[in-house]
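Single-letter residue listing:
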Amino acid sequence: MTAATVNAAVAGPARPAHRIRCEVDLAPNGRSAGHLRAPLSRNTSGWGVVMIPIMVVAAGSGPTVLLTAGVHGDEYEGQIALSEFARRLDPAMVQGRVIMLPALNLPAVEAATRLSPVDQRDLNRCFPGRRDGTFSEMLADFVTSVLLPLVDVSIDLHTAGHSMEAAPSTNMHLLDDALHLERTLRLAEAFGAPFNVLFAGVDEGGTLTSAVEARGILSLGTELGGWGRVSVEGTRIARRGILGALRHLGVLDPEARVFDCDPGETAAPTRHMIVPGAECYLAAPADGVFEPAHLAGAEVQAGEYAGWLHSVADLDRAALPVRYAASGVLWMAAGPGRVRRGDVVAVVMQPYPN
Ligand code: CA
């Protein structure tokens, strides 16, 4: 026995690259349903796992599309549309591969919270992730290192969660690569939300989108509602968008009827918009109860009242007016509710010149 084989015998089998075990074959022919088994030691089960549902449907040849929802647990439209889609998608409808995770951040989904109750982390700030990090970091690492290498297109379904309401929209980064930018714009139009919002120069460190784009994968996000409730229109747009995007990519048979209720046709072409800079993010200048002046989707002007901060416990203090610093369309509006100084209470978007 050489020194090397002795060392190998002592070391035992190689340490697995990932701590999460995927039950399903990611390269099937047909339909494969199961779970990601993510280890989580707790008081009642030292070797317990969190079982995150995953569905893979593949047939013929074509691109691989990753569809995710439930990255934030309090954003329901994508969870509803994608879980229904995953349950009903048949391999006979598909050319290529669709990997579906409708409740990716399962602990947060079950708690209906943005942050994971396991480690109090925002999964969408944990990418690319760490194998030996917290639960959310481990989950991000699995997506980055196991799923993304297989993927050509990623569509991640969000809303604005509890704190804000978004005008129903897809979103993407303002990409340097002209061809990549063009392909993403066309994908957004196929998804067919009323708005498609391009970001430029905001802090996007740690998001799934950033991890996807770092690999040169086509990436589209959504904001289909908010205020911690289910938007009727947002859910309809999510269903329609999944169908439209997959048909555009040639992955879904145009004749396939997947959903029971027909989500209908897009009412109007998608308007491409941009959030060009920091002046479009309006922060509360003080603590208080914020009364917004507009709903998401409203046309607004710089200098106009965005709302008022009320000091409801101090009747001697008048409400503090807050004004927009940029003109455009209100992409995100705060719900009436208590805010802290520095919380974003409005985001304005402007027409994208294309
Ligand atoms: Ca979100």
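Keep in mind that what you see is a predicted model, and the values were worked out from it rather than measured.

Brief notes about the environment of Leu252
Here comes step 1: Inspection of the secondary structure assignment puts Leu252 in the loop between helix H7 (232-248) and strand S11 (271-275).
Here comes step 2: For Leu252, a relative accessible area of 4% corresponds to the buried category.
Here comes step 3: In sequence terms Leu252 and Arg338 are 86 residues apart; their C-alpha atoms lie 44 Å from each other.
Here comes step 4: Excluding residues that lie within four positions of it along the chain, Leu252 makes contacts with Leu89, Met93, Leu243, Leu246, Arg247 and Val258.

Things to note about helix H5 (residues 178-191)
Here comes step 1: Here H5 spans 20 Å end to end across 14 residues, near enough to the 20 Å set by a 1.5 Å rise per residue.
Here comes step 2: Restricting attention to buried positions, one finds in H5 the residues His180, Leu181, Thr184, Leu185, Leu187, Ala188 and Phe191. One side of H5 holds all its buried residues, which, seen down the axis, span an arc of 160°. Facing away from the buried side of H5 by over 90 degrees, the exposed positions are Ala178 and Leu179.
Here comes step 3: Against the buried residues of H5 lie strand S6 (153-157), strand S8 (169-173), strand S9 (195-199), strand S10 (218-223), H7 and S11.
Here comes step 4: Looking one or two places after H5, you find Gly192, whose phi comes out positive at around 80°.

Considering the packing of aromatic side chains
Here comes step 1: Enumeration over the complete set of coordinates arrives at three aromatic pairs.
Here comes step 2: Judged by centre distance (5.9 Å) and plane angle (40°), the ring pair of Phe85 and Phe259 falls under tilted. With a gap of 174 residues between them, Phe85 in helix H2 (residues 77-88) and Phe259 in the loop between H7 and S11 connect regions that are remote in the sequence. Across the pair, Phe259 and Phe85 agree in class, each one buried.
Here comes step 3: Ring centres 5.4 Å apart and planes at 65° place the aromatic pair Phe199 and Trp331 in the edge-to-face group. Here Phe199 is found in strand S9, whereas its partner Trp331 is found in strand S17 (residues 328-334), with 132 residues between them in sequence. No difference in accessibility class separates Phe199 from Trp331, as the two residues are buried.
Here comes step 4: The ring of Phe259 carries the charged tip of Arg239 above its face, separated from the ring centre by 5.6 Å.

Let's talk about H2
Here comes step 1: With 12 residues, H2 ought to run about 16 Å at 1.5 Å a step, and its terminal C-alpha atoms sit 17 Å apart, in line with that.
Here comes step 2: Of the positions making up H2, those classed as buried are Glu77, Gly78, Gln79, Ala81, Leu82, Glu84, Phe85 and Ala86.

Re the pattern of salt bridges
Side chains carrying opposite charge are able to pair once their charged atoms draw close together.
Here comes step 1: Overall, the coordinates contain 13 salt bridges when judged by the stated rule.
Here comes step 2: One salt bridge in this structure joins Arg240 and Glu233, with 4.0 Å as the shortest N-O distance.
Here comes step 3: Judged by its relative accessible area of 11%, Arg240 falls in the buried class.

Quick word on the coordination of the calcium ion
Here comes step 1: For the calcium ion, the full set of protein donor atoms is His72 (ND1), Glu75 (OE), Glu75 (OE), His158 (ND1) and Thr159 (O), at a range of 2.4 to 2.9 Å.
Here comes step 2: Read N to C, the donor residues that coordinate the calcium ion are spaced as H-x2-E-x82-H-T.
Here comes step 3: For His72, a relative accessible area of 3% gives the class buried.
Here comes step 4: Looking at Glu75, the relative accessible area reads 3%, which means it is buried.

Comments concerning the pairing of S8
Here comes step 1: Among the five residues of S8, five are classified as buried, and the element is accordingly described as predominantly covered.
Here comes step 2: On S8, burial covers both faces: Ser169, Asn171 and His173 on one face and Thr170 and Met172 on the other are all buried.
Here comes step 3: By the bridge criterion, three bridges tie S8 to S10 in an arrangement that is antiparallel. Note on S10: the bridge partner recorded for Asn171 is Gly221.
Here comes step 4: In terms of strand pairing, S8 meets S9 through five bridges, oriented parallel. When the sheet's bridge partners are listed, His173 is paired in S9 with Phe199.
Here comes step 5: At this point the chain moves from S8, through H5, to the parallel S9, and the crossover so formed is right-handed.

Concerning the pairing of S6
Here comes step 1: The buried count for S6 comes to five of five residues, which makes it a mostly enclosed element.
Here comes step 2: Of the two faces of S6, the one holding Val153, Ile155 and Leu157 and the one holding Ser154 and Asp156 are both buried throughout.
Here comes step 3: As paired elements, strand S4 (residues 64-69) and S6 share five bridges and run parallel to each other. Following the sheet pairing, Ala69 is matched in S6 by Leu157.
Here comes step 4: With four bridges connecting them, S6 and S10 associate as parallel partners.

Conventions we followed
Residues numbered from 1 in each chain as written. Predicted model: local features only at pLDDT ≥ 70, side-chain atom pairs only at ≥ 80, totals over all residues. Heavy atoms only, no water. Helix = DSSP H or I, 4+ residues; strand = E, 2+ residues; numbered from the N terminus. Buried < 20%, exposed > 50% of the residue type's maximum accessible area, 1.4 Å probe, protein only. Contact = heavy atoms within 4.5 Å. Expected span 1.5 Å × (residues − 1). Arc of directions from axis to C-beta. Phe/Tyr/Trp six-rings, centres within 6.5 Å; stacked < 30°, edge-to-face > 60°. Lys NZ or Arg CZ within 6 Å of the ring centre and 35° of its normal. Salt bridge = Lys/Arg side-chain N within 4 Å of Asp/Glu carboxyl O. Donors = N, O, S within 2.8 Å, 3.2 Å for Na, K, Ca; no water. Pairing = 2+ DSSP bridges. Right-handed = clockwise from strand over helix to strand, strands pointing away.

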